[in-house]
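Residue-level structural notes
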Amino acid sequence: MHEIGESLISVLVVGRDGLVIDILTKDSEKPEEKKFIGAFSSLSELVLKKITQDFDLGTFGAGTFDTDKYRFIFCESGFEYILVTILDAIAHVDDVFPYTYMTAEKVAHIMDGDPDISPVIPKIKRETEVEKLKHKMDYFQKKRAYPSDYIYKLSLIGDGGVGKTSMVQMYINGIFHEDYKATIGTFITKKECKFEELNTSVRFIIWDLAGQEQFKRIWPDYLTDSTAGIIVFDITDRKSFENVKNWYDIITRVALPNLILILAGNKVDLDPSRVVSTEEGQELAKELGIYYIETSAKTNKSIDNVFEWVALQLINLNVAKNEIAMVNDQIKTSLKYIISRPQLKFLQQYFIKQLDYIISNEETQKCLRVLDILKTIEKNQLP
């Protein structure tokens, strides 16, 4: 609760009939539960009636309701339950929505009896433009070690219903269900991709992002700091294909530098119903400068290949960075042996004297650049 701040007062899990299943308040030592159960109950007849209607219509996802004292966020948590977040009346709901959706997703899995769900809610960054710039600068300037394994945030994005969750479940657990429930906000899982022949591995933190429009406001928050992404579309749904560029734009705005991306045309098991050709997928990927592959989560076609391709690109990226760092180190080391100290002194005196005779500004700048280089060499001289 501390991640959201002082504005969060209480969180409740309730049934569609308004029955409170569980409640968490900021200070469990205070007799607050009756107070907030009462506050919620006073709204239940009004709000739950509307929510129930939306459930029946299949349109309910999340909503807010304000009183003079509180702000309520109602978020669907599976078909039978609702997560209710109670905030101060002046709270900014945009800061809370990402955590609400993530919590609702976890509650839904827990209520379904999923034993592998972690109760931990990771911190979500909301950065200003200055903070984003500083973060990227820090990323470039930070010295990296050369580990034998790497940890990366991998985001799966694309319209709702294209099969992202099915791909993740097939990759992690080797299972496929026809009746997956729509993801609420995002679903986070982990998977290690090992390469025995390389004596290394890539550990993915996989963020499976809900693609429905109702979650649009929180997409950038969830995608921030992604190191890799899989953009998924459904080959039987042209609209999902047409929205690929939108997803590309969203993730490239907030991800880390040197983002690894791949475009996956999913559901090739439904090839007779295909409305997007392989050639169209390849052409779009070429336009975006990324790789294209076709998959089927149902038949497990190329699912492992997608994640392994991303992992190998990330390893290659790190190898390239390490090679550059090694070359730079070699240059610095070799500079110590290129020139003797007396020779260096002679050259410095020579170019300093040349400044007295140079007339043009262009030649002056060239001479100053040479002196800067000599100064750098001097710093790397052997004692």
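Every value quoted in this text rests on a predicted model; they were computed, and no experiment measured them. (Residues numbered from 1 in each chain as written. Predicted model: local features only at pLDDT ≥ 70, side-chain atom pairs only at ≥ 80, totals over all residues. Heavy atoms only, no water.)

The subject of this paragraph is the overall build of the protein. Scanning the protein for helices and strands turns up 11 helices and 11 strands. By residue count, 43% of the 383 residues in the protein fall in the buried class. Summing over all exposed atoms, the protein offers an accessible surface of approximately 21500 Å²; the carbon and sulfur share of this is 53%. (Helix = DSSP H or I, 4+ residues; strand = E, 2+ residues; numbered from the N terminus. Buried < 20%, exposed > 50% of the residue type's maximum accessible area, 1.4 Å probe, protein only. Areas by Shrake-Rupley, 256 points an atom, 1.4 Å probe, with all protein chains shown as cover.)

This brings us to helix α4 (residues 164-173). Burial analysis of α4 places eight of its 10 residues in the buried class, the great majority of the element. Residues K164, T165, S166, M167, V168, Q169, M170 and Y171 constitute the buried set of α4. Positive backbone phi, at 70°, marks G174, one or two positions downstream of α4.

Generally, phi is negative for residues other than glycine and the peptide bonds are trans, each holding for most cases. The residue D225 is not glycine, and still its phi comes out positive at about 70°. Turning to its location among the elements, D225 is positioned in the loop between α5 (219-223) and β9 (228-234). For D225, a relative accessible area of 17% gives the class buried. Although it is not a glycine, N258 adopts a positive phi angle of roughly 60°. Within the element layout of this structure, N258 appears in the loop between α7 (244-254) and β10 (260-266). Residue classification places N258 among the partly exposed residues on the basis of a relative accessible area of 38%.

As a further point, take the environment of W207. If you trace the backbone, W207 turns up in strand β8 (residues 200-209). Sequence separation between W207 and S155 is 52 residues; the distance between their C-alpha atoms is 4.7 Å.

This part takes up the pairing of β10. Along any regular strand, the residues point their side chains to alternate faces of the sheet. Counting buried positions over the seven residues of β10 gives seven, a clear majority of the element. Here β10 shows two buried faces, one formed by I260, I262, A264 and N266 and the other by L261, L263 and G265. Where β9 lies against β10, seven bridges are found, and the strand directions are parallel. Bridge pairing in β10 places F233 opposite G265. Judged from the four bridges that link them, β10 and strand β11 (residues 291-294) form a sheet pairing that is parallel. Looking at the pairing, I262 lines up with Y291 of β11. (Pairing = 2+ DSSP bridges.)

With 69% of its residues at a pLDDT of 70 or more, the protein shows a mean pLDDT of 77. Confidence drops under pLDDT 50 across residues 55-60; counting only partners more than four residues distant or on other chains, this segment forms 14 contacts. Scored below 50 in pLDDT, residues 143-148 shows eight contacts in the model against residues more than four places distant or in partner chains. (pLDDT = per-residue confidence, 0-100. Contact = heavy atoms within 4.5 Å.)

For S226, the position within the fold is in the loop between α5 and β9. Among the polar contacts listed, one links the side chain of S226 to the side chain of S155, at a separation of 2.7 Å. Among the polar contacts made by the side chain of S226, one reaches the main-chain carbonyl oxygen of L223 at a distance of 2.7 Å. (Polar contact = N/O pair within 3.5 Å; in protein donor to acceptor, adjacent residues only side chain to side chain.)

Right, let's get into a nonpolar patch on the surface. Taken together, the side chains of L19, I21 and M111 make up a nonpolar region of the molecular surface, amounting to roughly 260 Å² of accessible area. Within the secondary structure layout, I21 lies in strand β2 (residues 20-25). (Patch = residues over 30% accessible without salt bridge, like charges linked within 9 Å, V, L, I, M, F, W, Y side chains within 5 Å. Salt bridge = Lys/Arg side-chain N within 4 Å of Asp/Glu carboxyl O.)

A separate point is the nonpolar core. Formed by 42 residues in total, the largest nonpolar core has its most connected members in F233 and L263. Counting residues per element, this core draws most heavily on helix α2 (residues 93-111), which supplies six residues. Those residues within four positions of L263 in sequence are excluded, and the remaining contacts are I231, F233, V244, G281, L284, A285, I290, Y291, Y292 and I293. In this structure, Y152, V168, C193 and I303 belong to the second largest nonpolar core, which totals 28 residues. (Core = buried A, V, L, I, M, F, W, Y, C linked by side-chain atoms within 4.5 Å.)

Okay, the packing of aromatic side chains next. Going through the model one piece at a time under the given rule, you end up with seven aromatic pairs. Here Y291 and W309 contribute two aromatic rings whose centre-to-centre distance is 5.1 Å and whose plane-to-plane angle is 10°, an arrangement assigned as stacked. In this pair, Y291 is assigned in strand β11 and W309 in helix α9 (residues 303-338), connecting sequence segments 18 residues apart. Feature note: the residues Y171, F204 and F307 constitute an aromatic cluster, connected by ring pairs. Over the face of the ring belonging to W207 we find K153, whose NZ or CZ atom lies 4.0 Å from the ring centre. Between K191 and the ring centre of Y171, over which it is positioned, the NZ or CZ distance is 5.3 Å. (Phe/Tyr/Trp six-rings, centres within 6.5 Å; stacked < 30°, edge-to-face > 60°. Lys NZ or Arg CZ within 6 Å of the ring centre and 35° of its normal.)

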